[in-house]
Amino acid sequence: MRAFATLLERLLYTTGRNAKLLLLADYFARRPDPERGFALAAMAGALDFPGAKPAILRALVATRVDPVLFELSYDFVGDLAETIALIWPAPVQGAPPDLAAIVSALRTTPKSEVPALIGTWLDDSDVATRIALIKLITGGLRVGASLRLAKLALAQQFSVDIDAIEEIWHGLTPPYQPLFDWLERRAPRPEPGATPMFRPPMLAHPLELSDQARLNWAEYRAEWKWDGIRVQLAATPSGRRLYSRGADDISASFPEIIAAMDFHAVLDGELLVIRDGVVAPFADLQQRLNRKTIAARHRAAYPVAVRLYDMLFEGAEDVRAFAFDERRARLERWYHATKPALMDLSPQISFRTEADLVALRDTARRDGIEGLMLKAGASPYVGGRPKGLWWKWKRDPLSLDCVLMYAQRGHGKRSSFYSDYTFGVWTADRRLVPVGKAYSGYTDAELSFLDRWIRAHTVASYGPVREVEPGIVFEIGFDAAQRSSRHKSGIALRFPRILRLRPDKPAAEADTLEAALALLG
Amino acid sequence: MAPHPSTWLQPRPEGLFCLPGGFFIDPTRAVERAVITHGHADHARPGHAHVLATAETLAIMRVRMPEGKAGAQQQNVAPGETIRVNEVAIRLVPAGHVLGSCQIILEYQGSRAVISGDYKRQPDPTCAPFEPIKCDVFVTEATFGLPIFHHPDASLEIARLLASVSLFAHRAHLIGAYGLGKTQRLIALLRQAGYDAPIFLHGALVKLCALYEEFGVALGDLRPATVADKAALRGAIVLAPPSAISDRWARRLDDPVIAAASGWMMVRQRAKASGVELPLVISDHADWQAILHSIAETEAPEIWVTHGAEAALIHQLDLLGLRGRALRLIGYGDDGEAP
Ligand SMILES: [Zn+2]
Ligand SMILES: [Zn+2]
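Residues numbered from 1 in each chain as written. Chains lettered and ligands numbered in written order. Predicted model: local features only at pLDDT ≥ 70, side-chain atom pairs only at ≥ 80, totals over all residues. Heavy atoms only, no water.

Topic: the sheet that holds strand β12 (residues 390-394) of chain A
Residues and elements named next belong to chain A.
Here is step 1 of the chain: If you trace the 5 strands from one edge of the open sheet to the other, you get β1-β12-β11-β2-β10, paired in mixed fashion. A strand with exactly one partner marks an edge of an open sheet, and here the two such strands are β1 (205-206) and β10 (348-349).
Here is step 2 of the chain: Here strand β2 (residues 220-226) pairs with β10 via 2 bridges, running antiparallel. The residue bridging alanine 222 from the neighbouring strand is isoleucine 349, located in β10. (Pairing = 2+ DSSP bridges. Helix = DSSP H or I, 4+ residues; strand = E, 2+ residues; numbered from the N terminus.)

Here's the deal with the side chain of Asp124(B)
Residue and element names in this part refer to chain B.
Here is step 1 of the chain: Position of aspartate 124 relative to the elements: it lies in the loop between β10 (111-115) and β11 (137-142).
Here is step 2 of the chain: A distance of 2.8 Å separates a polar atom in the side chain of aspartate 124 from a polar atom in the side chain of lysine 120.
Here is step 3 of the chain: One polar contact links aspartate 124 to threonine 126, side chain to side chain, over a distance of 2.7 Å.
Here is step 4 of the chain: Setting aside residues up to four positions removed in sequence, aspartate 124 forms contacts with Gly96, His97, Arg185 and Asp284. (Polar contact = N/O pair within 3.5 Å; in protein donor to acceptor, adjacent residues only side chain to side chain. Contact = heavy atoms within 4.5 Å.)

Here we look at the interface of chain B and chain A
Here is step 1 of the chain: With 24 residues of chain B in contact, the opposing surface of chain A contributes 23 residues.
Here is step 2 of the chain: Note on chain B versus chain A: buried area summed over both sides is about 2100 Å², and carbon and sulfur give 64% of it.
Here is step 3 of the chain: Taken together, the connections running from chain B to chain A amount to 2 salt bridges.
Here is step 4 of the chain: Between Glu82(A) and Arg268(B) there is a salt bridge whose closest N-O contact spans 3.7 Å.
Here is step 5 of the chain: Applying the counting rule to chain B against chain A returns 4 residue pairs in polar contact (both at pLDDT 80 or more).
Here is step 6 of the chain: Elements with a minimum of two residues in the side of chain B that touches chain A: α6 (268-273) and α8 (310-319) of chain B.
Here is step 7 of the chain: Top contributing element to the side of chain B that touches chain A by residue count: α6(B), with 6 residues.
Here is step 8 of the chain: A breakdown of the residues in the side of chain B that touches chain A according to their chemical character gives 16 nonpolar, 4 polar and 4 charged. (Buried area = accessible area lost by both parts, 1.4 Å probe. Salt bridge = Lys/Arg side-chain N within 4 Å of Asp/Glu carboxyl O. Nonpolar A, V, L, I, M, F, W, Y, C, P; charged D, E, K, R; others polar.)

Laid out in structure tokens, this is it:
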């Protein structure tokens, strides 16, 4: 357990991405099976111990520490695991079991005996190991970027392609023995075909003016850019899955889509709330997100459907190497033959010149449309963000996707909520710099979600201000962007407001300072 | 019956005031008469008419303040010596915080109050150790007054630093350390651990190191980092004020390991937020256990808490059956270890 704790501790204090990759690669190269597999699972958030929730740890610490002192300490530290680790009174006695033994003990110990077991482990651990233990137990190791980084480290250490890992990832379970057997050349690569697994989706670049000038328009096909959630529908004879583009399995939130996936294919499309053929605003779709159970009433009020625009597999056949035009033709043929419920095709927009599209894009202000997509007719389906093949051309230039950086409690009826937000964008060297503050533009349900999220993801507190890890993306609308010497970013937004939350968007993909500076009026 | 200290020792906007003596302890603005515990800027302010302190504290004030601002009249008092002002007996006893730091023992009509100033209980080769004094009221600092703070033995942290120095032998280790006390203690601890290579200093640290040496604290081979060339600094230990480790000044170093020595380094997210790669938990303040231990040693039935996390300490005193009182004096705690 100490090796894993040391890894986490060093990752915490290491700033460079390459240095982090080295630490991870070194860990995976040196540590035995199944320990390293469980470490990977912890970073993936793939370990769930029903008997060990944060509430149990709080109850456990209450048996050893005065509750007032604990609350004052928690307020100061801001992180539950670290507070418990620091305040735990026992001096270090022995050494806790190794990671694999801990996982197995948590899985087999009766629920009622779990707290006492955790107590003895904490007695036997130093502070860093206690933090790692608590985060392991409560699932707090799942940090957005770290799983992808861990996979990259594996790819580098064992000289395989990261996509080759991504392709088989969703078919694997902890401690991923077949993965490590393959990485160390003891066994062939696990078969990706059997279970419906996630394929890395193809992403678009924002189309800038400079790109626009260079584009050979005849080579591109145009579609609407739908304002929903990008999804991957994976259906094989052995199962059905609905994935977000961040590889989250969101099947449980959309049972009617799963029910409609009565076919064998992997498809790419946009999940939307559609009523009588009309796409509803994004806020309606949000009513369906992040829910574990879906009441029938809720399903009826927010009817979802998928607008399909690409095909990755037809039956068992991988069609990603074919050109976009060929895949589109296959998708259309397949669609008319299969007639799947709750799905339609995203239409292609015919155009002759750039001017046709410019006009369309500027007038397209209906709900549900964000702008235009341009896709090279000859391009294969390439996971990731290949340059120059797909472009997104957003309609409203005066909005930015910003990352929540700091939160502060509000006033009046909001005084118990973290309701005042400072958000930022990424600099070229991948640091966040603040560009503005907003106090409005969210629903009460969103406010309470944000409040809980902020409390659980605070990295530092400065008096009433909490700094959070980069994890929440807001689409911020504003009237103008102005130069400002008072802001570190050099830019200030006029009348910024939250247009919406972007739960589908990883923080790393929020807008850059460069993009913000391009909007200076 | 002896008068309760609250009848003759009172918090005022300027600081704690001794009525029968007519002087303030560590006043935060310029006053007629001041008794000063130690030379940190939040305790020793410029512009008092009359200052009473140890010779070391007075010397530190002269080095740090503009000409004539370190007290128009300076009166030095040796630790242990008793001075009478009106009916009040004043005695200074080492606090173990920095060079010259002392607790202030006041006796008036048979009632005794001890004002700790800042203090610690870990050994420090650069200053005399804290001496517990029995009293009726103990006025304690509580900078680290939360049970999450337990400062490890400083020699263990120095060992971690030296391990990192030998692991990253080609990189400079740039350590953020407060100029008065922490810097000299770090150097002395490194020398104790057998590190005798030159140690490089940011310009702001030079004068106080020289002053420590004048008072007999040997610090070994010290050199200005400002004139050293990049190559000479590779693999070396460089000390700078905490504010300098993240600014332009640090650019003279080639890919340094950024470290900081402070009690706050205990809290990981805080260390990380300050951009530190190698946090060293070395503090010149008492940690939670040391505060409680010191309180017990004074046998005082009543404790006044001046600066820091007073709520937790007062709650703990209540659990222990002692009377606790928050003085809420404004203006302390910015001696480089403030949050
Ligand atoms: Zn001090
Ligand atoms: Zn102080």
